Amino acid sequence: MVIDRRKMIVDAATKSFSQFGFKATTMDQVAKIANVGKGTIYTFFKTKEELFDEITNSLIKEMKIAAQDSIDSSLTFQENVHRALYRILEFRLEHQLTIKLFQEGKEMRTPAVMDVMERIEKAILNFIKEKIEKAIDKGEINRCDPELTSFVMLKLYIALIFDWEKNHEPLEKERIAKVLEQYIFEGLSK
């Protein structure tokens, strides 16, 4: 049986970054968890940052797949946007690595972590933007600036889930969908 040392190293590093964060993870820890020599790690990855990039790129791909899988072609654009956004945020909360990264980014503002947070947000925004562009082309929604609209949608969604809960009871998934529909898709005017 062939042992995939590269995969062992990536899995070990993911475990270490998830437990200790980027800043506190060392290549010695990764080597110990992977049960390989530190030199073996360097045959695959030149730096901790390169290893971290490998892991976060995979994480972003998984997040996109999870969002795409939540889309149902029989539903409206609005329903699918809600489903995709909700799934992305669920994904972030289900994965220990993203939880640790968001915590480290908030508390320590580690440059490598802040870069990853920015890349994750850009990937989410691009995903939403593509869906908006397709909806415009199909005539499902009015013409708008897809980039700006994706930004507003994501930030409103995050605010309703995380910021609202700081001083209020958490909103149910359906209530969040209705708020998005009212403020984004319908507007407040009569």
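The structure we're discussing is the one just above.
What you see is a predicted model; the values in this text were computed from it and never measured.

### Section: the packing of aromatic side chains
- Following the criterion strictly, the structure yields four aromatic pairs and no others.
- When the ring of Phe 17 is compared with that of Phe 22, the centres are 5.8 Å apart and the planes differ by 20°; the resulting orientation is stacked.
- Among the residues examined, Phe 22 registers a relative accessible area of 5% and is labelled buried.
- Between Phe 22 and Phe 52, the ring centres sit 4.6 Å apart and the planes meet at 50°, which makes this aromatic pair tilted. Pair noted here: Phe 22 is in helix 1 (residues 5-24) and Phe 52 is in helix 4 (residues 48-69), with a separation of 30 residues, a long-range link.

### Thoughts on the packing of helix 7 (residues 111-138) against helix 8 (residues 146-163)
- Put simply, helix 7 and helix 8 touch, their axes get as near as 8 Å, and they point 120° apart. Between helix 7 and helix 8, the angle is such that the two are oblique. Handedness of the crossing formed by helix 7 with helix 8: right-handed. Of helix 8, the residues touching helix 7 (which contributes Glu 121, Ile 124, Leu 125, Ile 128, Lys 129, Ile 132, Glu 133 and Ile 136) are Pro 146, Glu 147, Thr 149, Ser 150, Phe 151, Met 153, Leu 154 and Lys 155.
- Of the residues that constitute the contact of helix 7 with helix 8, the class distribution is nine nonpolar, two polar and five charged.

### Quick word on helix 9 (residues 173-186)
- Over its 14 residues, helix 9 runs 18 Å from end to end, which matches the ideal 20 Å to within 8%, given 1.5 Å per residue.
- Regarding helix 9, the residues found buried are Ile 176, Val 179 and Leu 180.
- Of the residues trailing helix 9, Gly 187 is marked for its positive phi of about 85°.

### Section: a nonpolar patch on the surface
- Taken together, the side chains of Leu 148, Phe 151 and Val 152 make up a nonpolar region of the molecular surface, amounting to roughly 260 Å² of accessible area.
- On the secondary structure map, Phe 151 appears in helix 8.
- Residue Phe 151 is classed as partly exposed on the basis of its relative accessible area, which comes to 39%.

### Re unusual backbone geometry
- In this structure, Asn 35 takes a positive phi of about 60° despite not being glycine.
- Mapped onto the elements, Asn 35 comes out in the loop between helix 2 (27-34) and helix 3 (38-44).
- Even without glycine at this site, Arg 109 takes up a positive phi of about 55°.
- A relative accessible area of 55% means that Arg 109 is categorised as exposed.

### Some points on the pattern of salt bridges
- According to the stated counting rule, one finds 10 salt bridges in the structure shown.
- We note a salt bridge from Asp 11 to Lys 7, for which the minimum N-O separation is 2.8 Å. Within this pair, Asp 11 and its partner Lys 7 are both found in helix 1, separated by four residues, close to a single helical turn.
- Across the pair Arg 119 and Asp 53 runs a salt bridge whose closest N-O atoms are separated by 3.2 Å. Of this pair, Arg 119 sits in helix 7 while Asp 53 sits in helix 4, and the two are 66 residues apart along the sequence.
- Residue classification places Asp 53 among the partly exposed positions, given a relative accessible area of 32%.
- One connected set of salt bridges, linked through shared partners, spans Asp 53, Asp 115 and Arg 119.

### A closer look at the nonpolar core
- Counting residues in hydrophobic clusters, the biggest one holds 54 residues, and the most contacted among them are Ile 9, Leu 51, Phe 52 and Ile 128.
- Those elements that place two or more of their residues in this core are helix 1, helix 2, helix 4, helix 5 (77-94), helix 6 (96-107), helix 7, helix 8 and helix 9.
- A total of 13 residues in this core trace back to one element, the largest contributor, which is helix 7.
- Once you skip the residues sitting within four places of it in the chain, Phe 52 turns out to touch Phe 17, Phe 22, Leu 101, Ala 112, Val 113 and Val 116.

Cut-offs applied
Starting from 1, residues in each chain are numbered consecutively following that chain's sequence as written. Selection of residues for local features in this predicted model requires a pLDDT of at least 70, selection of side-chain atom pairs for listing and counting requires 80 or more, and totals for whole chains, interfaces and linings are taken over all residues. Values shown for side chains rest on all heavy atoms present in the structure; no hydrogens or waters enter the calculation. Centres within 6.5 Å make a pair out of two Phe, Tyr or Trp rings, where for Trp the six-membered ring is used; the pair is then stacked when the planes are under 30 degrees apart, edge-to-face when over 60, and tilted otherwise. The cut-offs for exposure are 20% and 50% of the maximum accessible area for each residue type, with area from a 1.4 Å probe on protein chains only; residues under the lower value are buried, those over the upper are exposed, and the others partly exposed. Secondary structure elements are defined from DSSP: runs of H or I of at least 4 residues count as helices, runs of E of at least 2 residues count as strands, and each element is numbered from the N terminus. Note on geometry: axes are C-alpha line fits, over the in-contact stretch for helices, and angles between N-to-C directions span 0 to 180 degrees. For classification purposes, an angle smaller than 35 degrees is called roughly parallel, one larger than 145 roughly antiparallel, one from 65 to 115 roughly perpendicular, and anything else oblique. Note on convention: near helix rotated counterclockwise from far helix by under a right angle means a left-handed crossing. Clockwise means right-handed. Note on contacts: a residue pair is in contact if any heavy atoms of the two residues lie within 4.5 Å. In the scheme used here, Gly and all other residues not listed as nonpolar or charged are polar, with Ala, Val, Leu, Ile, Met, Phe, Trp, Tyr, Cys and Pro taken as nonpolar and Asp, Glu, Lys and Arg as charged. Multiplying 1.5 Å by the residue count of a helix minus one yields the expected span of that helix. Here a patch means residues that are over 30% exposed by relative accessible area and free of salt bridges, tied together within 9 Å if like-charged and within 5 Å if nonpolar (Val, Leu, Ile, Met, Phe, Trp, Tyr). Here the open area of atoms and residues is found with the Shrake-Rupley method and a 1.4 Å probe, where only the protein chains shown may cover a residue. Put simply, a salt bridge is a Lys or Arg side-chain nitrogen that is within 4 Å of an Asp or Glu carboxyl oxygen. Only buried residues count toward a nonpolar core. Its members are Ala, Val, Leu, Ile, Met, Phe, Trp, Tyr and Cys residues joined through side-chain atoms within 4.5 Å.

Function cannot be read off these values alone, since they describe shape.
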